[in-house]
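Below, each chain spelled out in residue letters.
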Amino acid sequence: MSTQHDLIVIGAGPGGYVAAIRAAQLGLKVACIEKEPALGGTCLRVGCIPSKALLESSELFEQAKDGLINRGIRIGKVELDLPQMLNQKDQTVSTLTKGIEGLLKKNKVTRYLGHGRITAPGAVSVTNSQGQVSELTGKNILIATGSVPATLPGIDFDGDRVVSSTEALNFSTVPAKMVVIGGGAIGLELGTVWRRLGSKVMVLEYLDRILPGMDDELAKQSLKVLKSQGLEFQLGAKVTGVTLNRKTCDVHVEGHENLRCDRVLVAVGRRPNTADLGLESVGIETDKRGFIPINEAYQSSVNGIYAIGDVIGGAMLAHKAEEEGIACVEKIVTGYGHVNYDAIPAIVYSSPEIASVGATEEQLKESGIDYKKGSFPFAANGRARAIGHTEGMVKILADKKTDRILGAHILGPHAGDLIAEVAVAIEFCASSEDLARCTHAHPTLAEAVKEAAMAVDKRAIHF
Ligand code: NAI
């Protein structure tokens, strides 16, 4: 006997569980299959949320240690209680993943615990950890299985000394020396956490810059700031392998001496998770990089089988997957659904944060689009001075002829929150003048966004 649903969602990460809830709101009878006991996927369990908890705790630790004296606050001896720091992170994760359980219940989404596998169009089997199998049938199937950490040829994760981001959230001691392979978001965030807690961290990046894809000017400034904080970098470093010794590891870099360290974090990207999904049973072929090809309705090559999030490629970001999940089920039910890929912000939660939305200068140049640029430094913002975070700037790019905002890039305090305003502006097709003429409260960091918009027209007041 199989259980009948209107929609079967495979995967309960931010893409899958949000799609399931939205579909239920729209009146569908929805099943959501997840193999992990905790819902929320990589983002909630072993990604965005736990890393943000550790970033916050490690920043507070660093501030308490040596950051508060000039504010007139003297603290006695500051000690690290790593087990409690990890415990606080785990509690945060547990509260949030249980919250999703509650949300699924509230929306009457049926949750299945086990591995989902497509067996035929409209049919999915769920195998639990005891090997028991449930058969589900549904008119529509949505694949939202996300991604898994990638590694390099010749480097295998051992889960202890050569690790992915998952294990790097849980080191039981602070490594004396840590090598991070990859200067992307994961490498910089987790490298920052362990540096603050006392590790000597070396980031090895293959390219001659960090944060590929982000605005070059901001990436350069970020590199300077991160270096000044004590993170070490070797750019143009091609890692070719890692040798495990009895207690240490040697990281091999082409043309350079080996680097000896205690732990290696491999953060060279993620790959789509399609293992044992049964794609072959329905004739879905993945592309060269393993992604599931889809059409504008997020439908795969098979009628009624859809895919969203990391598994279809594009920016591997939780909020992108959420938007796609909503758009996909809205299209199924109403015929309409929409994601504006020009207005998806991306944020690196270093300190200061690095945030970006829309086109970079490099992309505009490449596409031959004439643009105007307005920049405003946080050093000239009253609130940034008052809170003592004056590094970085806001940069706004607008079309030279129409003044329509095409992109914004922020390095600075709370950049991740500030970018939301520009994302909304882009979504509403605003001009830089629109943003510049909106009243921004004083004294706020958001005034730097307004001033950058004014600077597009060379009329910033405070710089
Ligand atoms: P990434 O693709 O952002 O960065 C990987 C880096 O590794 C690149 O700079 C690449 O040039 C470098 N690399 C590749 N091969 C190398 C080699 N042999 N030697 C040295 N360097 C090498 O990947 P990352 O940081 O692992 O993140 C995975 C995904 O998760 C990304 O799509 C990222 O956007 C997303 N993510 C987003 C976060 C955020 O928005 N805050 C946080 C964490 C992850």
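Residues numbered from 1 in each chain as written. Predicted model: local features only at pLDDT ≥ 70, side-chain atom pairs only at ≥ 80, totals over all residues. Heavy atoms only, no water.

Q: Hey, could you go over the site of the ligand for me, with residue numbers and the actual values?
A: Lining the immediate environment of the ligand, one finds 23 residues, of which I186, E189, E205, G269 and I347 sit closest. One of the backbone N or O atoms of A185 is found 3.3 Å from an oxygen atom in the ligand. A distance of 3.0 Å separates a nitrogen atom of the ligand from a polar backbone atom of Y206. If the ligand stood free it would expose 840 Å²; the protein chains cover 78% of that surface. For the shell around the ligand, the secondary structure elements donating two or more residues are α6 (185-196) and β10 (200-205). Counting residues per element, the shell around the ligand draws most heavily on α6, which supplies three residues. Along the lines of polarity and charge, the residues of the shell around the ligand split into 16 nonpolar, four polar and three charged. (Near = heavy atom within 4 Å. Polar contact = N/O pair within 3.5 Å; in protein donor to acceptor, adjacent residues only side chain to side chain. Areas by Shrake-Rupley, 256 points an atom, 1.4 Å probe, with all protein chains shown as cover. Helix = DSSP H or I, 4+ residues; strand = E, 2+ residues; numbered from the N terminus. Nonpolar A, V, L, I, M, F, W, Y, C, P; charged D, E, K, R; others polar.)

Q: Could you give an account of the pairing of strand β15 (residues 263-266), with specific residues and numbers?
A: Alternating positions in β15 separate into two faces, R263 and L265 on one and V264 and V266 on the other, with burial throughout. Note: strand β8 (residues 162-163) against β15, two bridges, orientation parallel. For V163, the partnering residue across the bridge sits in β15 and is L265. With four bridges connecting them, strand β9 (residues 177-181) and β15 associate as parallel partners. In the sheet register, V180 faces β15, and the bridge partner there is L265. (Buried < 20%, exposed > 50% of the residue type's maximum accessible area, 1.4 Å probe, protein only. Pairing = 2+ DSSP bridges.)

Q: Lay out the environment of L68 with the relevant residues and their values.
A: Take L68: it is sitting in the loop between α3 (48-66) and α4 (82-106). Beyond its immediate sequence surroundings of up to four residues, L68 is in contact with Q63, I73 and I75. (Contact = heavy atoms within 4.5 Å.)

Q: Provide a residue-level description of the nonpolar core, including the pertinent values.
A: Soluble globular proteins tend to pack their nonpolar side chains together in the buried interior. Core analysis: the largest hydrophobic core is formed by 50 residues, its most contacted members being V30, I33, L104, I118, L142, I143 and I305. Take this core: its biggest share by element is seven residues, from helix α1 (residues 14-25). Sequence-distant contacts of I118, defined by excluding residues within four places in its chain, comprise I10, A123, V124, I141, I143, L277, G278, S281, V282 and I305. One finds V163, A168, L211 and V348 within the second-largest nonpolar core, a separate group that totals 36 residues. (Core = buried A, V, L, I, M, F, W, Y, C linked by side-chain atoms within 4.5 Å.)

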